[in-house]
Amino acid sequence: MSMPSRLAAAASALLVLSSPALAEGPGLGRVATPDEIASWDISIGPDGAGLPPSRGTPKQGETVYAEKCVACHGEKGAGKPNDQLVGGRGSLSGDQVPVKTVGSFWPYATTLFDYIRRAMPLNAPKSLSDDEVYAVSAYILRLNGIIGEADAIDAQILPQVQMPNRDGFIVFRRDK
């Protein structure tokens, strides 16, 4: 038997003998319970479906931001050590370096709420109350000049907020 034939036979034998072991999996973890899945199934789409009944104002958000966000995102969302949240409007086109912030890049205000609720603060994700998430969202939107100082946001208002880059994305369709 030639060397390539012996290698092919050895590979075939290994494949046949290891198939039952591969079918069983590595034995790590467990199946998530329906309650565990539901606790993470909190996505909010552009239309606002699933937004909770609550509300917040920029003034309330400024307080929460100072307590829970400023260490990572800087004074008034200026950034450092983590992402800049404010500014950059108009920087996505032309020759300048794009500055991707909530005010320059994000197309929907509802995704701001979704992201804050799901992932912030970094050291304690999902720890903010719905009131706090609405308030921080309102504060960041105000810092970007998208809503006014006295504007409150809730489940009805947030989906109506027009973000500056709402029409800045090209829809990609695989069927064309």
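Given the structure is predicted, the values throughout are model-derived calculations rather than measurements. (Residues numbered from 1 in each chain as written. Predicted model: local features only at pLDDT ≥ 70, side-chain atom pairs only at ≥ 80, totals over all residues. Heavy atoms only, no water.)

K.L.:
What is the right way to read the pattern of salt bridges from this model?
P.N.:
Side chains that differ in charge, positive against negative, can pair when their charged atoms come close. What the rule picks out here adds up to five salt bridges. Between Glu132 and Lys68 there is a salt bridge, and its shortest N-O distance comes to 3.0 Å. On the criterion of sequence distance, the pair formed by Glu132 in helix H6 (residues 130–143) and Lys68 in helix H3 (residues 58–68) is long-range, its members being 64 residues apart. Classification of Lys68 by relative accessible area gives partly exposed; the value is 33%. (Salt bridge = Lys/Arg side-chain N within 4 Å of Asp/Glu carboxyl O. Helix = DSSP H or I, 4+ residues; strand = E, 2+ residues; numbered from the N terminus. Buried < 20%, exposed > 50% of the residue type's maximum accessible area, 1.4 Å probe, protein only.)

K.L.:
Before we go on, may I ask you to explain H6 in this structure?
P.N.:
Residue pairs spaced three or four apart in an α-helix point in one direction, given the helix's 3.6 residues per turn. Taking 1.5 Å per residue as the helical rise, H6 with its 14 residues ought to reach 20 Å, and the 20 Å between its terminal C-alpha atoms agrees with that figure. Counting buried positions along H6 gives eleven out of 14 residues, so the element sits mostly inside the fold. Looking at H6, one finds that the buried residues are Glu132, Val133, Tyr134, Ala135, Val136, Ser137, Ala138, Tyr139, Ile140, Leu141 and Leu143. Residues of H6 that are buried in the fold lie against strand S1 (55–56), H3, helix H5 (109–119) and strand S2 (153–154). Backbone geometry just after H6 places Gly145 at a positive phi near 75°. (Expected span 1.5 Å × (residues − 1). Contact = heavy atoms within 4.5 Å.)

K.L.:
What's the story with the nonpolar core in this structure? I'm lost.
P.N.:
Inside soluble globular proteins, nonpolar side chains tend to come together where they are buried. Counting residues in hydrophobic clusters, the biggest one holds 30 residues, and the most contacted among them are Ile116, Leu141 and Leu158. Among the elements of the structure, H3, H5 and H6 are those that each provide at least two residues to this core. Ranked by the residues each element gives to this core, the list is headed by H6, at eight residues. (Core = buried A, V, L, I, M, F, W, Y, C linked by side-chain atoms within 4.5 Å.)

K.L.:
I tried to follow the packing of H3 against H6 on my own but got confused; where do I start?
P.N.:
A packed helix pair is summarised by two numbers, namely the angle formed by the two axes and the spacing between the axes. At a minimum axis distance of 7 Å, the contact between H3 and H6 shows a crossing angle of 100°. Here H3 lies roughly perpendicular to H6, going by the angle between them. Here Pro58, Gln60, Gly61, Glu62, Val64, Tyr65 and Lys68 of H3 come into contact with H6, specifically with Glu132, Ala135, Val136, Ala138, Tyr139 and Arg142. Its residues assigned to classes, the contact of H3 with H6 comprises seven nonpolar, two polar and four charged. (Axes fitted to C-alpha atoms, helices over the stretch in contact; angles between N-to-C directions. Parallel < 35°, antiparallel > 145°, perpendicular 65-115°, else oblique. Nonpolar A, V, L, I, M, F, W, Y, C, P; charged D, E, K, R; others polar.)

K.L.:
How should the environment of Asp47 be read in this particular structure?
P.N.:
In this fold, Asp47 is placed in the loop between helix H2 (34–40) and S1. From its side chain, Asp47 meets the backbone nitrogen of Ala49 in a polar contact 3.0 Å long. (Polar contact = N/O pair within 3.5 Å; in protein donor to acceptor, adjacent residues only side chain to side chain.)

K.L.:
Quick question: what am I supposed to make of the packing of aromatic side chains here?
P.N.:
What characterises a pair of aromatic rings is the spacing of the ring centres plus the angle enclosed by the ring planes. One pass over the structure, following the stated rule, counts four aromatic pairs. Consider the rings of Tyr65 and Tyr139, whose centres lie 5.2 Å apart with planes at 50°: the pair is tilted. With Tyr65 in helix H3 and Tyr139 in helix H6, this residue pair connects regions lying 74 residues apart in the sequence. Here Trp106 and Tyr115 contribute two aromatic rings whose centre-to-centre distance is 6.1 Å and whose plane-to-plane angle is 80°, an arrangement assigned as edge-to-face. (Phe/Tyr/Trp six-rings, centres within 6.5 Å; stacked < 30°, edge-to-face > 60°.)

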